[in-house]
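Survey of secondary and tertiary structure
Next come the chains, spelled out residue by residue.
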Amino acid sequence: MKLRWLIPVAILIPLRLGAADIPVGARVATIAINPRDVTVLHLRPEFESTIRMPEEITSVILGSPGEFKAEHNEGEPEYVYVKPIVKEAAQSNLLIATKSGQHVTLELVSYGATVTNSTQPVDFLIEYRAARSFLISADPESLAIPSTPTKEPERGASLENTRLGSAPLSSLDEAFKQQETVNAPKWTKWEAKQIETSIGDMRQLNNQTMISYSILNSSNEPIEIAPPQIQITGRKATKKKKKEGKGITSDQLEIRDYKLSTTRLEPGERADGVVVFDRPNLKESTEKLFLQIAQADQVDRPILIHLPFTPPISGDGK
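Residues numbered from 1 in each chain as written. Predicted model: local features only at pLDDT ≥ 70, side-chain atom pairs only at ≥ 80, totals over all residues. Heavy atoms only, no water.

**Thoughts on the packing of aromatic side chains**
We describe a pair of aromatic rings using the distance from one ring centre to the other and the angle between the two ring planes. Within the structure shown, the criterion is met by two aromatic pairs. An angle of 25 degrees between the planes, with centres 6.0 Å apart, marks the rings of F47 and F124 as stacked. With F47 in the loop between β2 (38-43) and β3 (49-52) and F124 in strand β9 (residues 121-129), the pair connects residues that are 77 residues apart, well separated along the chain. According to the relative accessible area criterion, F124 is partly exposed, its value standing at 32%. Between R279 and the ring centre of F309, over which it is positioned, the NZ or CZ distance is 4.1 Å. Above the plane of the ring of F309 lies K283, whose end atom (NZ or CZ) is 5.7 Å from the centre. (Phe/Tyr/Trp six-rings, centres within 6.5 Å; stacked < 30°, edge-to-face > 60°. Helix = DSSP H or I, 4+ residues; strand = E, 2+ residues; numbered from the N terminus. Buried < 20%, exposed > 50% of the residue type's maximum accessible area, 1.4 Å probe, protein only. Lys NZ or Arg CZ within 6 Å of the ring centre and 35° of its normal.)

If you want it as structure tokens, here you go:
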């Protein structure tokens, strides 16, 4: 009788040890923050990846909470912990915003628990640094390419541009600086909302559109603001009449760049921002363009601000 029980045990033990001994390629990387870059975060079930930001994190937005878990707490304000919660292969996105308005976008890729290719790496730690810092990546195959160092200004440049070796302001930075100088914006109130909005300058730059805006926290509680989105909506042409709300199309336009002074607003505090997006060359008569602004805890109930489809052309030639 004893021999009958020993045989299965002798078979199962080597199988379990073999599964646990599959090597995992661990990777640690240091990346410069660039809002136009998307970092691919390689994950695997039963492993947890750590993301460290250079300052306090104010909001974490996860695309698929049913497949991934992202944890952040006030006791560790600079860290986010991410891991898959399903054993199947999965993919999603993650957006992290900081107190100063910086943000990073990550693409989450989980290979699943049944992956047999042990050469696929798992990102144990990604540490973000400010874009101006000197970086040395711990991995030769870095997850993101650091920004190219700014060239020294030519002789004859103005004192303002050459001070501290700074480069001339970009069109986005100039628009942002101009919006900050508006002392009394014309605020628009929204029913059942804690924020008020104001639209500033809007201009066309080649095939892109740039718009400035401001947000005011008119409530008695602190709030967080999600990154801006641009939406184009219309109504499909149908032969038969349908119920109201049927046949409506809505698409998000690609945002090339944006800048936001802060994502956390105390009562009475104001935030200024600029967003640059790819506007389509043509649209149907029923389609409308909107700037979408939402609180971080109400992303399913955004404010939609109607924008003119044809903005003025920038006169600065940039």
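**Some details on the nonpolar core**
Among soluble globular proteins, nonpolar side chains are generally buried collectively. Ranked by size, the top nonpolar core spans 22 residues in total, and within it I225, I230, L291 and I293 carry the most contacts. Taken together, the elements giving at least two residues each to this core come down to β11 (195-205), β12 (208-217), β14 (229-235), β16 (255-260), β18 (270-278), β19 (288-293) and β20 (303-307). Among all residues touching I293, those that are not within four sequence positions of it are I195, T197, Y213, I215, I225, P302, I303 and I305. If you look at the next biggest cluster of nonpolar residues, it comprises 18 residues, including M53, F68, A90 and I96. (Core = buried A, V, L, I, M, F, W, Y, C linked by side-chain atoms within 4.5 Å. Contact = heavy atoms within 4.5 Å.)

**Considering the sheet that holds β12**
The strand order across the open sheet formed by five strands is β10-β11-β12-β18-β16, and the pairing between neighbours is antiparallel. Only two strands of the sheet have a single partner each, and these edge strands are β10 (188-189) and β16. Of the strand pairs in this sheet, β12 and β18 are connected by nine bridges, and their pairing is antiparallel. Bridging across to β18, Q208 finds its partner in D278. Contacts between helix α3 (residues 171-180) and the sheet are confined to β11, β12, β16 and β18, with β18 contributing the most and set at about 150 degrees to the helix. (Pairing = 2+ DSSP bridges. Axes fitted to C-alpha atoms, helices over the stretch in contact; angles between N-to-C directions.)

**Some words on α3**
Those residues of α3 that fall on the buried side of the exposure criterion are S171, L172, A175, F176 and Q179. Projected down its long axis, α3 shows its buried positions confined to an angular sector of 135 degrees, all on one face. The elements touched by buried residues of α3 are β11, β12, β16 and β18. (Arc of directions from axis to C-beta.)

**Side note on the sheet that holds strand β7 (residues 90-98)**
Taken together, the four strands give an open sheet; going across it, the order is β2-β8-β7-β4, and neighbouring strands pair in mixed fashion. Where the open sheet ends on each side, the last strands, each with one partner, are β2 and β4 (57-62). Averaged over all pairs of adjacent strands, the angle between their axes in this sheet comes to 25 degrees, without regard to strand direction.

**Examining the environment of L304**
Within the secondary structure layout, L304 lies in strand β20. For the pair L304 and Q229, spaced 75 residues apart in sequence, the C-alpha to C-alpha distance is 9.5 Å. Setting aside residues no more than four positions away along its own chain, L304 makes contact with W190, Q231, F290, L291 and Q292.

**Description of the confidence of the model for the protein**
On average, residues of the protein score 77 in pLDDT, and 73% of them reach the 70 mark or higher. For the protein, the element scoring lowest by mean pLDDT is helix α1 (residues 2-20), at 41; strand β6 (residues 79-84) scores highest, at 94. (pLDDT = per-residue confidence, 0-100.)

**Observations concerning the pattern of salt bridges**
If you walk through the whole model with that rule in mind, you get eleven salt bridges. We note a salt bridge from R256 to D278, for which the minimum N-O separation is 2.7 Å. You can see R256 sitting in strand β16 and its partner D278 sitting in strand β18, a full 22 residues away along the chain. A relative accessible area of 39% means that R256 is categorised as partly exposed. Measuring nitrogen to oxygen at the nearest pair gives 2.8 Å for the salt bridge that ties D272 to R270. Note on D272: relative accessible area 6%, which makes it buried. We classify R270 as partly exposed; its relative accessible area is 22%. One network of salt bridges, with partners in common, ties together R52, E78, E127 and R129. (Salt bridge = Lys/Arg side-chain N within 4 Å of Asp/Glu carboxyl O.)

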